[in-house]
Amino acid sequence: MYKRILVPVEHSDADRTIIEHVQPLARMCGATLVLLHVADGWAARAYDELQLRESKEIREDRAYLDALVAELSRQGFAAESRLAMGDPAAEIIRAADAEQADLVAMATHGHRFVKDILLGATADKVRHELKVPVLLLQAR
């Protein structure tokens, strides 16, 4: 059924919600979990253009991804990680294609109306533009 599940993580408590939810599915399908974090601060967005050195934030993001992959591997899951930089929605969409994901599973914060406009609607853009199934789970 699913061979590669892309799981965007944001380096917050919301990550546990989606990772714990998708683990039984990945185990049942024998799927690889591809964890994606999109660094979207100023340094990350200008990283390539300005040929910046890796910032402390980016090093911390890489370490976080490495720790998650190690934890999942210890539990018997096939897991990989990717670090992208830029607009989260655009990078999730790009990664889903590049990684040949057949499911994207992500936590949402359940913003409503004005907050969606002010804070952005990453999940909304992702679910409208992807052609693979998107599993959205409200973060605890």
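Definitions and limits used
- Residues numbered from 1 in each chain as written.
- Predicted model: local features only at pLDDT ≥ 70, side-chain atom pairs only at ≥ 80, totals over all residues.
- Heavy atoms only, no water.
- Buried < 20%, exposed > 50% of the residue type's maximum accessible area, 1.4 Å probe, protein only.
- Helix = DSSP H or I, 4+ residues; strand = E, 2+ residues; numbered from the N terminus.
- Pairing = 2+ DSSP bridges.
- Right-handed = clockwise from strand over helix to strand, strands pointing away.
- Axes fitted to C-alpha atoms, helices over the stretch in contact; angles between N-to-C directions.
- Left-handed = near helix turned anticlockwise from the far one by under 90°.
- Contact = heavy atoms within 4.5 Å.
- Nonpolar A, V, L, I, M, F, W, Y, C, P; charged D, E, K, R; others polar.

(A) Looking closely at the pairing of strand 1 (residues 4-9). With 6 of its 6 residues buried, strand 1 lies for the most part within the structure. Side chains Arg 4, Leu 6 and Pro 8 project from strand 1 onto one buried face, and the interleaved Ile 5, Val 7 and Val 9 project onto a second face that is buried too. Summarising the sheet, strand 1 and strand 2 (residues 32-39) pair through 6 bridges and their orientation is parallel. Of the residues in strand 2, the one forming a bridge with Arg 4 is Thr 32. Read as a crossover between parallel neighbours, the route from strand 1 over helix 1 (residues 14-29) to strand 2 is right-handed. The pairing of strand 1 with strand 4 (residues 103-108) spans 2 bridges and is parallel. Across the sheet, residue Leu 6 finds its bridge partner in strand 4, namely Val 104.

(B) Structural view of the packing of helix 5 (residues 88-98) against helix 7 (residues 122-129). It is at 9 Å that the axes of helix 5 and helix 7 come closest, and there the two elements cross at 35°. The interaxial crossing formed by helix 5 with helix 7 has right-handed handedness. Here Pro 88, Ala 89, Ile 92 and Ile 93 of helix 5 come into contact with helix 7, specifically with Thr 122, Lys 125, Val 126 and Glu 129. Classifying every residue of the contact of helix 5 with helix 7 by side-chain character gives 5 nonpolar, 1 polar and 2 charged.

(C) Local environment of the sheet that holds strand 3 (residues 78-85). Across the sheet, which stays open at both edges, the 5 strands sit in the order 3-2-1-4-5 with parallel pairing between neighbours. At either end of the open sheet lies a strand with only one pairing partner, and these are strand 3 and strand 5 (134-138). Adjacent strand axes in the sheet meet at a mean angle of 20°, parallel and antiparallel pairs treated alike. The strands touched by helix 4 (residues 56-74) within the sheet are strand 1, strand 2 and strand 3, with strand 3 carrying the most contacts at an inclination of about 165°.

Scope: geometric values only; no functional claims are made or implied.
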